[in-house]
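# Fold and geometry: a report
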Amino acid sequence: ITRAIEMIAPDSTNAITINLTKGTFAPSITGENFPIIMISNVNLIGQGENQTILNPEGTGQGLNLYNIHNVSITHLSIIEGMGFEVGWEYPEFWGGGFSITTSHNIHLSNIVLHDNFAPMGAGISILGTTQIELKYLEIYNNISSEGAAGITVIYSEIIIDHSIVHSNQGDIHGGILIYNEMQDDPNYENIPKNIIITNSDIYDNESDLHNINNWYW
C-alpha cells in the first residue's frame, strides 16, 4: 500500500483511487510497514470490512492522515494498531486505528476498527480537522489509557452517522470524547466546532474514571 501511494501524484483536479485486494496486510504476511501515511486527493477502497484487513500487529498505527485534504477511505478493517504516548507536541501519533490531524474534507465509511490501542483515541484520534464524516463504522474492543478508547475528537468539526461504538475500554473515557473548548489552545480557534451524531448506537463502553459512553465539553 505504501509503495502504491509513493508512486502516484494526485492533485485537486485529479484524485486517484487505490483499490486494495482481499486479504490481510500485515508485517508478517505482506511485509507492509505501518503506519501507512496517506496523502491528499486519494481514495483508498477495500473489498469489504471482512475482506480487506490492515493489521499492524502492534508495530504502529493503521492509517495516519496529517495535514492533508480530500481523502476517502472505505470498505476495510483495521485491527491491532498501536498509537504512542508522546504528548501534545506530536498529536499525529495518538490514534491506534486512525490518526487524523489538521486535515480537511475526510470521509471514512464502511470500516471496522477493533483491538487497537493508543493513549488517545484507540479507534480514531481526530485533532484540528474540518469536514470529517464517519459513516457506517463499527468501533469496538479498543483500549485507551487517556482519551476515549473509541473516538477522541479535539478542536474539530465532525459528522458521525449510522455508526456503532461499543465495548471499548478507557482508563479515563470510554466510547467517545469530544473536547472543543478553546481555552487551552488558541491555535485552533478559527476551526468550526460543529458536532453532529445521527442514527448511531453508543453503548457498553467503560472507563475507570468516567463509566460512561460519551464525554463532551
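Thresholds applied
Residues numbered from 1 in each chain as written. Predicted model: local features only at pLDDT ≥ 70, side-chain atom pairs only at ≥ 80, totals over all residues. Heavy atoms only, no water. Core = buried A, V, L, I, M, F, W, Y, C linked by side-chain atoms within 4.5 Å. Buried < 20%, exposed > 50% of the residue type's maximum accessible area, 1.4 Å probe, protein only. Helix = DSSP H or I, 4+ residues; strand = E, 2+ residues; numbered from the N terminus. Pairing = 2+ DSSP bridges. Phe/Tyr/Trp six-rings, centres within 6.5 Å; stacked < 30°, edge-to-face > 60°. Salt bridge = Lys/Arg side-chain N within 4 Å of Asp/Glu carboxyl O. Contact = heavy atoms within 4.5 Å.

We now examine the nonpolar core. Among the nonpolar cores identified, the biggest contains 37 residues, and Ile 73, Phe 98 and Ile 124 are the most heavily contacted of them. Judged by nonpolar contacts, the second largest core, of eight residues, contains Leu 127, Tyr 179, Tyr 188 and Ile 191.

With that settled, consider the pairing of strand β11 (residues 124-127). Here β11 shows a buried face lined by Ile 124 and Ile 126 and a second buried face lined by Ser 125 and Leu 127. Bridging between strand β8 (residues 98-101) and β11 involves four bridges; their strand directions are parallel. Paired with Ser 99 across the strands is Ser 125, a residue of β11. Bridge analysis of β11 against strand β14 (residues 151-154) gives four bridges, and the strand direction is parallel. The residue of β14 that forms the bridge with Leu 127 is Ile 154.

Before going further, it helps to examine unusual backbone geometry. Following Phe 34, the chain continues into Pro 35 via a peptide bond in cis, with omega recorded as 0°. For Pro 35, the position within the fold is in the loop between β2 (23-25) and β3 (36-37). One non-glycine residue, Asn 67, lies in positive phi territory at about 55°. One non-glycine residue with positive phi stands out, namely Asp 204, at about 55°. The topology assignment puts Asp 204 in the loop between β20 (201-203) and β21 (206-207).

Turning next to the packing of aromatic side chains. Throughout the structure, instances matching the rule amount to one aromatic pair. Ring geometry for Tyr 155 versus Tyr 179: centroids 5.9 Å apart, planes at 50°, classification tilted. Here Tyr 179 lies in strand β18 (residues 176-179) and Tyr 155 lies in the loop between β14 and β15 (158-161), a separation of 24 residues in the sequence. Exposure class is identical for Tyr 155 and Tyr 179. Each is buried.

What follows covers the pattern of salt bridges. Across all of its chains, the model carries two salt bridges by this definition. Residues Arg 3 and Glu 6 are paired through a salt bridge, measuring 3.6 Å at the closest nitrogen-oxygen approach. One end of the pair, Arg 3, and the other, Glu 6, are both in helix α1 (residues 2-6), three residues apart, so they sit about a helical turn from each other. Judged by its relative accessible area of 54%, Glu 6 falls in the exposed class.

Turning our attention to the environment of Ile 1. Here Ile 1 shows up in the segment before α1. The exposure class of Ile 1 is buried, given its relative accessible area of 13%. Taking C-alpha positions, Ile 1 is 22 Å from Ile 126, a pair spaced 125 residues apart along the chain. Once residues within four sequence positions are removed from consideration, Ile 1 is found in contact with Leu 20, Phe 25, Glu 32, Ile 36, Leu 44 and Leu 54.

Fair warning: the whole summary comes from geometry, so function is off the table for now.
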